[in-house]
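If you want the building blocks of each chain, they are given just below.
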Amino acid sequence: MYRLELEELQKVDFALVELTLYLDTHPTDMQSVQQFNQLSQRRQQIAGEFEMKYGPLLQFGHSYSRFPWQWVDSPWPWQV
């Protein structure tokens, strides 16, 4: 389940990167802005659910940690 959920998050992240690059050159494309905002919302939902189950995705204050400190638990997202 961990890998499938992480893969879903990575798919959304990829789409957000691509839309960001597109919108940098097409800032008035309303449909793409709406799609970006919908995917951003979806990403927050997926990431929040993932972190509740498996621990933080990011460090330096970008993700919360339950007690005890979870950042030392592996695998880290980039190790999968």
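Labelled according to an unreviewed UniProt entry, the protein appears under the name Spore coat protein CotJB, originating from Cohnella silvisoli.

Give a detailed account of the environment of serine 40, specifying residues and quantitative values.
The topology assignment puts serine 40 in helix α2 (residues 30-54). Of the residues examined, serine 40 reaches a relative accessible area of 23% and is grouped as partly exposed. For the pair formed by serine 40 and alanine 15, sequence separation is 25 residues and the distance between their alpha carbons is 9.8 Å.

Let's hear about α2: which residues, and what values?
The terminal C-alpha atoms of α2 lie 36 Å apart, and with 25 residues this matches the ideal 36 Å at 1.5 Å per residue to within 8%. Here α2 has its buried residues at Ser32, Leu39, Ile46, Ala47, Phe50 and Glu51. As for α2, its buried residues are in contact with α1 (2-25). Two or three places before glutamine 31, at the opening of α2, aspartate 29 has a side-chain oxygen 3.3 Å from that residue's backbone nitrogen. Glycine 55, located one to two residues past α2, shows a positive phi value of around 105 degrees.

Outline the pattern of salt bridges, listing residues and values.
Proximity of charged atoms lets side chains of opposite charge pair with each other. Within the structure shown, the criterion is met by 3 salt bridges. Two residues, glutamate 5 and lysine 53, come together in a salt bridge whose shortest N-O distance is 3.0 Å. Highlighted residues: glutamate 5 in helix α1 and lysine 53 in helix α2, separated in sequence by 48 residues. Here glutamate 5 falls in the buried class, since its relative accessible area comes to 14%. Notably, a salt bridge pairs arginine 43 with aspartate 13, separated by 2.5 Å at the nearest N-O pair. A residue pair is termed long-range when its members are at least 10 positions apart, and arginine 43 in helix α2 and aspartate 13 in helix α1 qualify at 30 residues. Exposure remark for arginine 43: the relative accessible area of 23% places this residue in the partly exposed category. Given the relative accessible area of 25%, aspartate 13 is considered partly exposed.

Now, about the packing of α1 against α2: what can you tell me, with residues and values included?
Packing of α1 against α2 brings their axes to within 9 Å, and their N-to-C directions diverge by 155 degrees. By the angle class used here, α1 and α2 are roughly antiparallel. The handedness of the crossing between α1 and α2 is left-handed.

Rules and cut-offs
Residues numbered from 1 in each chain as written. Predicted model: local features only at pLDDT ≥ 70, side-chain atom pairs only at ≥ 80, totals over all residues. Heavy atoms only, no water. Helix = DSSP H or I, 4+ residues; strand = E, 2+ residues; numbered from the N terminus. Buried < 20%, exposed > 50% of the residue type's maximum accessible area, 1.4 Å probe, protein only. Expected span 1.5 Å × (residues − 1). Contact = heavy atoms within 4.5 Å. Polar contact = N/O pair within 3.5 Å; in protein donor to acceptor, adjacent residues only side chain to side chain. Salt bridge = Lys/Arg side-chain N within 4 Å of Asp/Glu carboxyl O. Axes fitted to C-alpha atoms, helices over the stretch in contact; angles between N-to-C directions. Parallel < 35°, antiparallel > 145°, perpendicular 65-115°, else oblique. Left-handed = near helix turned anticlockwise from the far one by under 90°.

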